[in-house]
Amino acid sequence: MSKYIKAFSEDGVGVVQLHRPEVLNALNRVMVDEIVNQLESFDKNDTIRVIVLIGNEKAFAAGADIEEMMEATPLTLELLNPFVEWDKIGRIKKPIIAAVNGFALGGGFELALHCDLIVAAEDAKFGFPEVKLGVLPGAGGTQFLTKAMGVRKALEWIWLGEPMSADVAYEYGVINRMIAPELVMEETMRLAKQLAKQPPISLRLIKEAVHAAVDLSLQDGKNLERKNFYLAFASEDQKEGMRAFSEKRPASFKGR
């Protein structure tokens with residue numbers, strides 16, 4: 001039984017809701033473990049095609065649990081290896097969409113950045129305030145934000161530790177969609193259900209190729225894309241998709 005999250009599914013979409021409202025969904029180790037375990041469970045479930053990660057109307061997640069970290073030492077952190085769970089999120093094969101209302105700060109911002117797409121409220125706030133605590137992002141924040149915004153802008157935001165508006169996040173491609181707060185969940189589920197109708201194998205192969213493009217050379221990225229293109233032709237969905245196109249009818253993809 002999960003203590004800090006809720007999970008449910010709807011029309012092929014698996015939803016993970018962060019549920020620690022008394023501290024604005026601040027992330028402690030148990031909560032991160034629960035999130036990752038549920039993501040992995042949905043990833044293995046053939047009835048789930050897309051995953052959505054949500055908070056509540058006040059916060060997606062307002063950061064890490066500072067009380068839990070205050071007395072940490074380099075040795076305790078090395079022994080705990082707290083970020084190994086975060087790395088597992090990057091190995092989820094299915095699309096993950098973050099729906100952000102309110103605050104996504106520190107570890108909460110990192111959690112959103114681990115998702116493939118981000119739908120955010122117009123009044124959402126993002127940022128890395130860690131510098132004001134004498135530390136820095138540790139779950140990939142410096143890397144994700146730099147890849148999204150570029151070196152100079154990432155340095156400015158992480159150095160200053162100030163909150164970033166949804167307008168700025170959208171302008172720099174950090175988030176995908178910006179919408180009225182009361183419509184965030186509706187828009188996220190609409191997008192998720194639209195993706196859930198796409199061929200799952202294609203989605204998985206596209207996700208691998210696009211994420212790899214950030215780090216690979218152009219030629220290596222093209223080679224991976226080509227490999228995945230060929231691999232798609234081993235699927236029943238490829239046959240169904242092309243047959244449906246030829247027969248001028250909607251395709252019915254099975255994920256095989």
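Residues numbered from 1 in each chain as written. Predicted model: local features only at pLDDT ≥ 70, side-chain atom pairs only at ≥ 80, totals over all residues. Heavy atoms only, no water.

Examining the nonpolar core
Here is a general trend for soluble globular proteins: nonpolar side chains tend to be buried in one another's company.
So, point 1. In this structure, I35, F60, V100, L111, F126 and L145 are the most contacted members of the largest nonpolar core, which totals 62 residues.
So, point 2. Excluding its chain neighbours within four sequence positions, the residues that come into contact with I35 are I5, L18, L27, L53 and L111. (Core = buried A, V, L, I, M, F, W, Y, C linked by side-chain atoms within 4.5 Å. Buried < 20%, exposed > 50% of the residue type's maximum accessible area, 1.4 Å probe, protein only. Contact = heavy atoms within 4.5 Å.)

Quick word on the packing of aromatic side chains
So, point 1. Within this structure, the stated rule accounts for 4 aromatic pairs.
So, point 2. Site record: aromatic cluster; members linked through ring pairs are F109, F126 and F128.
So, point 3. The ring of Y4 carries R20 above its face, with NZ or CZ at 5.1 Å from the centroid. (Phe/Tyr/Trp six-rings, centres within 6.5 Å; stacked < 30°, edge-to-face > 60°. Lys NZ or Arg CZ within 6 Å of the ring centre and 35° of its normal.)

Quick look at the sheet that holds strand β4 (residues 59–61)
So, point 1. Taken in spatial order, the 4 strands make up an open sheet running β4-β6-β8-β9, and their pairing is mixed. Strands at the two margins of the open sheet, each flanked by one partner only, are β4 and β9 (164–165). (Pairing = 2+ DSSP bridges. Helix = DSSP H or I, 4+ residues; strand = E, 2+ residues; numbered from the N terminus.)

Observations regarding the sheet that holds strand β3 (residues 50–54)
So, point 1. Pairing is mixed in the open sheet, where 6 strands are placed in the order β1-β2-β3-β5-β7-β10. Since the sheet does not close on itself, it has two edges, and those belong to β1 (5–10) and β10 (177–179), each with one partner. The average undirected angle you get between the axes of adjacent strands in this sheet is 20°.
So, point 2. Where strand β7 (residues 117–121) lies against β10, 3 bridges are found, and the strand directions are parallel. Within β10, the residue paired with A120 across the bridge is M178. (Axes fitted to C-alpha atoms, helices over the stretch in contact; angles between N-to-C directions.)

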